[in-house]
Amino acid sequence: MKQKEFNVPFSGLKQGKHDFEFEIDNKFFESFGYDEFNAADIKLQLQLNKTATMLELEFNGQGSVNVNCDITSEPYDQPIDSQMDLVVKFGEAFNDDDDEILIIPHGSHQVNIAQYVYEMLVLAVPQKRVHPGVADGTLKSEVLDKLEELQPKESSDNKEVNDPRWDKLKNLLTDK
């Protein structure tokens with residue numbers, strides 16, 4: 001599932017910084033089998049710093065994904081703002097065991113960043129997704145009305161009744 005549009009060619013680039021831009025929509029996440037987003041509109045800026053021995057990649061993703069609220073199931077746009085750094089070094093064989101260092105074989109002329117972009121953006125979404133209208137009380141929905149109706153009521157006639165056995169024990173502490 002390597003998306004070819006996320007292959008970043010570096011072999012013909014001069015040493016120094018180079019900028020790339022990508023538009024990410026819901027098709028990108030669907031290609032990974034991830035269907036938690038209703039829609040996605042994210043702009044990804046990638047700055048590649050090429051040196052003689054390695055590549056430094058700086059990812060910056062901004063935009064929004066449309067997700068369903070965990071409380072009301074109402075869809076809403078969740079803002080996304082995520083950054084990540086990745087160092088690409090050259091070695092004998094491909095190795096992506098480290099989260100921050102990618103080793104690619106000598107003689108490679110491009111690097112595919114799709115998996116790193118996917119992980120960065122999915123992890124940028126909060127685990128608990130709550131519609132902003134739930135927090136400030138402006139969202140009106142049947143689910144919230146039903147939750148309010150089923151919420152346990154506080155009883156006003158909850159008078160404190162002491163057990164006389166405990167009162168005798170409390171006296172022992174004060175009789176010193």
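Owing to the predicted nature of the structure, the values given are computational and were not obtained by experimental measurement. (Residues numbered from 1 in each chain as written. Predicted model: local features only at pLDDT ≥ 70, side-chain atom pairs only at ≥ 80, totals over all residues. Heavy atoms only, no water.)

## Topic: the overall build of the protein
Now for step 1: Within the protein one finds five helices and seven strands.
Now for step 2: Looking at the 176 residues of the protein, the share that counts as buried comes to 31%.
Now for step 3: Within the protein, contacts between residues at least 6 apart in sequence are counted, and of these 55% link residues at least 24 apart.
Now for step 4: Of the roughly 12,400 Å² of accessible surface on the protein, a fraction of 49% belongs to carbon and sulfur atoms. (Helix = DSSP H or I, 4+ residues; strand = E, 2+ residues; numbered from the N terminus. Buried < 20%, exposed > 50% of the residue type's maximum accessible area, 1.4 Å probe, protein only. Contact = heavy atoms within 4.5 Å. Areas by Shrake-Rupley, 256 points an atom, 1.4 Å probe, with all protein chains shown as cover.)

## Remarks on the packing of aromatic side chains
Now for step 1: For the structure shown, the criterion picks out eleven aromatic pairs.
Now for step 2: The interplanar angle of 65 degrees and the centroid separation of 5.3 Å between the aromatic rings of Phe28 and Phe32 together place this pair among those described as edge-to-face.
Now for step 3: Of the residues examined, Phe28 reaches a relative accessible area of 5% and is grouped as buried.
Now for step 4: Between Phe29 and Tyr34 the ring centres are 6.4 Å apart and the planes differ by 55 degrees, which places this aromatic pair in the tilted class. (Phe/Tyr/Trp six-rings, centres within 6.5 Å; stacked < 30°, edge-to-face > 60°.)

## A few points about the nonpolar core
Now for step 1: Ile24, Phe28, Phe29, Leu57, Phe59 and Ile113 are the most contacted members of the largest nonpolar core, which has 37 residues in total.
Now for step 2: For this core, the secondary-structure elements that each account for two or more residues are strand E2 (16-24), helix H1 (26-30), strand E3 (39-50), strand E4 (54-68), strand E5 (75-91), strand E6 (101-105) and helix H2 (114-124).
Now for step 3: At seven residues, H2 tops the list of elements feeding residues into this core.
Now for step 4: With near-sequence residues (within four places) excluded, Leu57 lies in contact with Leu46, Gln47, Leu48, Met84, Asp85, Leu86, Val88, Val111 and Ile113. (Core = buried A, V, L, I, M, F, W, Y, C linked by side-chain atoms within 4.5 Å.)

## A few points about the environment of Lys50
Now for step 1: The topology assignment puts Lys50 in strand E3.
Now for step 2: Judged by its relative accessible area of 15%, Lys50 is buried.
Now for step 3: Considering only alpha carbons, one finds Lys50 and His18, 32 residues apart in sequence, at a separation of 7.9 Å.
Now for step 4: When sequence neighbours within four positions are dropped, the list of residues in contact with Lys50 reads Phe10, Ser11, Leu13, Lys14, Gln15, Gly16 and Leu55.
Now for step 5: A polar side-chain atom of Lys50 sits 2.8 Å from the main-chain carbonyl oxygen of Leu13. (Polar contact = N/O pair within 3.5 Å; in protein donor to acceptor, adjacent residues only side chain to side chain.)

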